[in-house]
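Tertiary structure, described
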Amino acid sequence: MSSWRVDRRSLRVRLLAWLSGIALVVTGMTWLLHGILLNDLARDFLGARLEREAAHAIEQLRREERGIAGVLESASRGFQVFHHLYVLRLGDELSASDPHWQAALEPLLETSTRRLVEVREDGQHLLVHRQAFMLDGEPGVLLIGEDFSQVEAGLHRLHWWVGGIAAAVLVMLVALNLLAVNRGLIPLTRLRDQLGELRRGERERLSPDVPSELDGLVVQLNHFMDEIDARLQRSRDSVANLSHALKTPLAAVTQVLRGARPIDDTRRRRMVERLEAVHGQLDAELRRARIAGPQAGQMAELRRDGTRLVEMFRTLYPDTRFDLHLPAQRDLRVPIESQDLSEMLGIVLDNAGKWAAGEVHCRLCLAQGLTLRVEDDGPGVAEADLARLGQRGTRLDERRPGYGLGLSILHQLLARYAGRVDFAPSPLGGLRVTIRVPLEASPP
């Protein structure tokens with residue numbers, strides 16, 4: 001028998017827990033404040049009424065024309081009509097509606113401030129208003145009070161009734177929160193279903209008809225699937241290219257090896273050339289297959305990768321001096337996959353090292369994108385031939401080893417990053433190659 005368990009990782013459970021907790025806190029605080037404010041409101045209301053009745057009673061006393069004894073007797077009858085407790089001191093004479101409370105309230109006659117006082121004694125709760133006055137030159141103090149216990153009992157019952165209503169409202173809020181959360185998570189359920197359809201091959205891309213908060217997620221997933229399709233297409237193209245390029249040379253070599261004719265130097269040289277062509281084709285296709293593109297989500301370190309490459313080419317071409325100029329910024333990370341950056345820079349550094357007379361300058365710059373500039377002091381390229389650089393399989397000079405595929409790969413690589421490459425004569429006498437990659441460009 002499986003026990004019921006709450007999935008703490010569930011977004012629905014988290015939202016319900018937070019919303020229900022907030023509703024509980026708000027409802028509880030509202031109920032507590034209701035009790036406090038209701039009690040203060042009743043106290044202020046009764047205090048204001050006692051103050052008005054005290055002023056009315058003193059005004060009635062001032063209209064009496066009898067002596068102090070008559071005034072006290074009249075006050076006693078008058079205050080009994082109000083159904084309030086009173087203590088009256090006029091001069092040296094003292095009168096009270098209840099002798100029991102006279103002793104308890106007598107200390108309040110000596111205070112010098114006019115105020116509303118709460119008195120608790122023998123289980124009773126009195127609200128007492130103190131009013132000082134002058135009557136015929138005699139100082140007087142009137143204490144008039146009312147039993148607050150009955151009012152408190154009524155407020156207490158009202159407060160718990162409000163608590164019951166608040167509990168019902170809280171249950172309603174939890175139910176509404178559950179409904180709202182379930183309705184709000186419907187787009188996520190649809191997205192999950194679309195991912196299942198995508199995995200089963202029932203759809204090609206996710207629908208962009210989603211809440212705005214999911215726009216970025218859907219766009220990135222669709223871009224990721226575009227990248228997967230592009231890589232798959234590149235792999236298929238590479239296999240097709242290799243199949244087409246290797247069949248003829250391998251068939252020719254196989255035919256020569258199976259034939260009875262002796263292999264002379266001429267035929268051996270042709271076989272070696274064809275095998276080298278096969279090797280170059282394999283190398284080029286493997287380099288194309290390694291292109292990650294901007295969707296790889298990786299960062300390259302300019303200082304680290306640039307320094308490593310230059311050191312490697314210094315070893316490969318010991319007679320050539322390689323100078324590397326890096327930006328002064330500390331953070332030289334760029335959103336380009338490290339292998340792609342090494343391929344970009346490595347292709348042009350390799351060409352420069354092959355043709356340089358003795359000097360190669362490499363400069364990396366970060367200004368509204370990444371700029372890589374490589375110059376050499378070699379023989380350079382004629383102005384008329386600059387436009388042909390980078391065409392697949394094109395070699396303008398056969399004096400150096402190669403297959404004319406490096407710059408072609410560079411063009412394909414830069415197309416993935418919406419970048420471009422420019423060729424121009426260098427002030428050093430050779431060729432200047434300038435690569436520009438807009439770092440904020442959208443993938444093609």
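Calculation criteria
- Residues numbered from 1 in each chain as written.
- Predicted model: local features only at pLDDT ≥ 70, side-chain atom pairs only at ≥ 80, totals over all residues.
- Heavy atoms only, no water.
- Pairing = 2+ DSSP bridges.
- Helix = DSSP H or I, 4+ residues; strand = E, 2+ residues; numbered from the N terminus.
- UniProt positions renumbered as here; feature names shortened; annotations may be inferred.
- pLDDT = per-residue confidence, 0-100.
- Contact = heavy atoms within 4.5 Å.
- Patch = residues over 30% accessible without salt bridge, like charges linked within 9 Å, V, L, I, M, F, W, Y side chains within 5 Å.
- Areas by Shrake-Rupley, 256 points an atom, 1.4 Å probe, with all protein chains shown as cover.
- Salt bridge = Lys/Arg side-chain N within 4 Å of Asp/Glu carboxyl O.
- Lys, Arg positive; Asp, Glu negative; His and termini not counted.
- Charge placed at Lys NZ, Arg CZ, Asp CG, Glu CD.
- Axes fitted to C-alpha atoms, helices over the stretch in contact; angles between N-to-C directions.

Here's the deal with the pairing of strand β9 (residues 359–366)
Bridging between strand β7 (residues 321–325) and β9 involves 5 bridges; their strand directions are parallel. What sits directly across from H325, in β9, is R363. Taken together, β9 and the strand that follows it, strand β10 (residues 370–376), pair antiparallel across an intervening segment of 3 residues, in which Q368 is found at a positive phi of about 55 degrees.

Topic: the UniProt feature "transmembrane region" (unreviewed entry) in the protein
Here, the residues flagged by UniProt with the feature "transmembrane region" (unreviewed entry) are residues 15–37 and 158–181. Taken end to end, residues 15–37 has its terminal C-alpha atoms 32 Å apart, with 100% of it in helix and 0% in strand.

What to know about the confidence of the model for the protein
Scored by pLDDT, the protein has a mean of 78; 80% of the residues are at 70 or more. A low-confidence stretch, residues 395–403 (pLDDT under 50), is modelled with 21 contacts involving residues beyond four sequence positions or located in other chains.

Some words on a negative patch on the surface
Taken together, the side chains of D92, E93, D136 and E138 present a region of like negative charge at the surface. Residue position: D92 is located in the loop between β1 (85–90) and β2 (93–96).

Brief notes about the sheet that holds β1
Taken together, 5 strands build an open sheet; the order of strands is β2-β1-β5-β4-β3 and the sheet is antiparallel. Across the chains shown, the open sheet's two edge strands, defined by having one partner strand only, are β2 and β3 (116–121). In this sheet, neighbouring strand axes are inclined to one another by 20 degrees on average, regardless of whether the strands run parallel or antiparallel. One ladder, built from 6 bridges, connects β1 with strand β5 (residues 138–147); its direction is antiparallel. Bridged to L88 within β5 is L142. Docked against the sheet, helix α1 (residues 11–63) engages β1, β3, β4 (124–135) and β5, running at close to 35 degrees with respect to β4.

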